[in-house]
Amino acid sequence: MPFVNMKKAAQASGSSKSFAVKVTTMDAELDFTTVEHKATGKDLFELVCRTIGLRETWYFGLQYVDTKGYIAWLKFDKKVLDQDIPKEYPVQFLFLAKFYAEDASEELIQEITQHLFFLQVKQSILNMDIYCPPEASVLLASYAVQAKYGDYDPSSYKPGILASEDLLPQRVIDQYHMTAEMWEERIKEWYADHRGMSRDEAEMEYLKIAQDLEMYGVNYFQIKNKRNTDLWLGVDASGLNVYERDNKLTPKITFPWSEVKNISFKDKKFTIKPLDKKTSDFVFTAPKLRINKLVLELCVGNHELFMRRRRPDSMEIQQMKTHAREEKVRRQQDRARLAKEKQLKEEAIREKEDMERKYLLLQDDVRKAQEELKRSQETTELLAEKADLAEAEANLLNQKTCETEAEIQRFKMSAVKTEEERMLMEYRAREAEMIATKLLEDSERRAKEAEQLKVDLLQSRMAEKMAKERLMEITRSNVYQPSYQLPELTSDITTDLTDAELGGDLFGVGDMDQLSLEIEKERVEYMEKSKHLQDQLRELKTEIEVLKVEENETDYDRLHEDGIQRGDSKYSTLRQAKANTTSSRVAFFEQL
């Protein structure tokens, strides 16, 4: 949509009492088409917070680019249209975290708050607005992948899916001779270790690591001291930090909020009055008046949050924390129930697969038994035919034997009188006897063969009977049920649980003791996990060090490495800077 004058656009749309606003959060874009002309910044801000369900509103604000091209935050006590916003339609705002928590895990209560912080910090690291060492970038990327995709599944994981994601700062990618696939492999190794971690847990682990980075939560402004030296002023949740022009990582001077009494500015001169009355004021100048206005705004907001953290929680905060604890317990129980049901389903699937394998084996056994039975039946039929044939031959031989014996008798009775006839008759008789003997032997042999065939036939029928009985036994003892039902995996995880299911009163005296023990246990586990992560980070750093391109190393990389060599960290540097007296810090600032 082309940008037009808001007043003309409102008149053209038939209404002169409202205007349209587009608010872009880190998660979505919100369109409000009927914002009243008299609406204040607070009205619009509260409308956005109600729309996204945010209650921890004190961290956030509406950012815009004013008519002169500078970054500004919408003031809550003024009307939206009376502020220096571009006269465009619709009015564009960014919903961003304006103030940061000192300890995200302790202070951020709502899941939506954690999610918005996670998205904004992740984008700041990828845009290189926050310096992050290469090995820490890989670890943070693994948590970002866990938050987006859930548990690593080797069966469904597709190589290259992470290589196409925007997961690492370009500075880190340019600094090493490593392909996208090599970076993906290292991210995947840590990603696989996060199995079982929910989205909100992965995002919180990301924030826990990110908040230890030197530039996390710091707003930087160009300033000058009395000697007209170019410096950086950093405003964050713990106080004010002064940095040298070429080093935003290590503050030279730190003023904690607990030591600041008053903050004010006049034109381009900004004054911070310490609590120590004997100490002179901390004064610096900014290049433009609007920078001093923004610095004052951020100082006031951060100081208010600093004081709020050190006071007892209000009733609203207590209710939010109680609700958050209840929701956390509910989600843990829901996840435990889902994990159990998933396990039961997997076991049922494995059992089904085992049954199917057994069924296939039984089918194979039945097939073999049927083939064996068929072969037995064919053998039986063949033996029966041979037995019948042998019996018929034996009967025929018996008949021939009887006829031969009858002929011999006739020869004997019809003896010839002559010697020649007698001898001929004797010769024929002997010949006939020899034939008869041979026929008798053949008959006996055939009879024995017939008897043996009858025995083989009987054995074959017995084998056939046994094969049928075995087939029946296999069929009776192994019946496969194709209609086996798997337990359904419950998808509704918001079902209310009764007090009995939750174990009664969630926060009784005994439960509070148990909760304390669990917190202590989590603390110990976190310390062990932190040590393990540090070991992993050192291993990765050593592994990729040989692939580093020295000429692509940035000044921040060298500064960070020097700090590591000295044993410095974000918190040790701040403690060292705070250890100096306020007066010595002011004097040091003036001499920079």
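Above this text is the structure in question.
Residues numbered from 1 in each chain as written. Predicted model: local features only at pLDDT ≥ 70, side-chain atom pairs only at ≥ 80, totals over all residues. Heavy atoms only, no water.

Enquirer: I keep staring at the nonpolar core and nothing clicks. Help me out?
Expert: Here is a general trend for soluble globular proteins: nonpolar side chains tend to be buried in one another's company. Residues Phe93 and Phe95 are the most contacted members of the largest nonpolar core, which totals 108 residues. It is helix H5 (residues 134–149) that provides the largest number of residues to this core, a total of 9 residues. By size, the runner-up hydrophobic cluster in this structure holds 5 residues, among which are Leu383, Ala387, Ala390 and Leu453. (Core = buried A, V, L, I, M, F, W, Y, C linked by side-chain atoms within 4.5 Å. Buried < 20%, exposed > 50% of the residue type's maximum accessible area, 1.4 Å probe, protein only. Helix = DSSP H or I, 4+ residues; strand = E, 2+ residues; numbered from the N terminus.)

Enquirer: I'm lost on the sheet that holds strand S4 (residues 71–73) in this one. Help?
Expert: By way of backbone hydrogen bonds, the strands of a sheet pair with one another, either parallel or antiparallel. Strand order in the open sheet formed by 5 strands is S2-S1-S5-S3-S4, and the pairing between neighbours is mixed. The sheet is open, and its two edges are formed by strand S2 (29–36) and S4, each paired on a single side. Strand-to-strand twist in this sheet, taken as the mean axis angle between neighbours without regard to direction, amounts to 35 degrees. Summarising the sheet, strand S1 (residues 18–24) and S2 pair through 6 bridges and their orientation is antiparallel. Bridge assignment links Thr24 to a residue of S2, and that residue is Glu29. Seen against the sheet, helix H2 (residues 41–52) touches S1, S2, strand S3 (60–65) and strand S5 (91–97) and runs at an angle of roughly 135 degrees to S2. On the sheet, helix H4 (residues 111–126) packs against S3 and S5 and is oriented at approximately 100 degrees with respect to S5. (Pairing = 2+ DSSP bridges. Axes fitted to C-alpha atoms, helices over the stretch in contact; angles between N-to-C directions. Contact = heavy atoms within 4.5 Å.)

Enquirer: Is there a simple way to think about the pairing of strand S12 (residues 282–285) in this case?
Expert: Each regular strand shows side chains that alternate between the opposite faces of the sheet. The alternating pattern of S12 places Phe282 and Phe284 on a buried face and Val283 and Thr285 on a face that is not buried. With 4 bridges connecting them, strand S11 (residues 269–274) and S12 associate as antiparallel partners. Counterpart to Ile272 in the pairing with S12 is Phe282.

Enquirer: Sorry if this is basic, but what is going on with the side chain of Thr404 here?
Expert: Following the sequence through the fold, Thr404 ends up in helix H10 (residues 315–413). Residue Thr404 is classed as buried on the basis of its relative accessible area of 13%. Apart from residues no more than four positions distant in its own chain, Thr404 is found in contact with Ala432, Ala436 and Leu439.

Enquirer: Is there a simple way to explain the pairing of S11 in this structure?
Expert: Where strand S10 (residues 260–266) meets S11, 6 bridges bridge the pair, whose relative direction is antiparallel. Counted as the bridge partner of Ser264 is Thr271 from S11. Counting the residues in the hairpin turn of S10 and S11 gives 2 residues, including Asp267, whose phi is positive at 55 degrees.

Enquirer: So what exactly am I meant to see when it comes to the pattern of salt bridges here?
Expert: Two side chains bearing opposite charge may form a pair once their charged atoms approach each other closely. Counting across every chain of the model gives 28 salt bridges. A salt bridge links Arg309 to Glu102; its shortest N-O distance comes to 3.0 Å. Here Arg309, found in helix H9 (residues 289–309), pairs with Glu102, found in the loop between S5 and helix H3 (104–107); they are 207 residues apart in sequence, far enough to count as distant. On the accessibility criterion, Arg309 (23% relative accessible area) is partly exposed. We classify Glu102 as partly exposed; its relative accessible area is 30%. Residue Arg331 pairs with Asp200 through a salt bridge whose shortest N-O separation is 3.7 Å. (Salt bridge = Lys/Arg side-chain N within 4 Å of Asp/Glu carboxyl O.)

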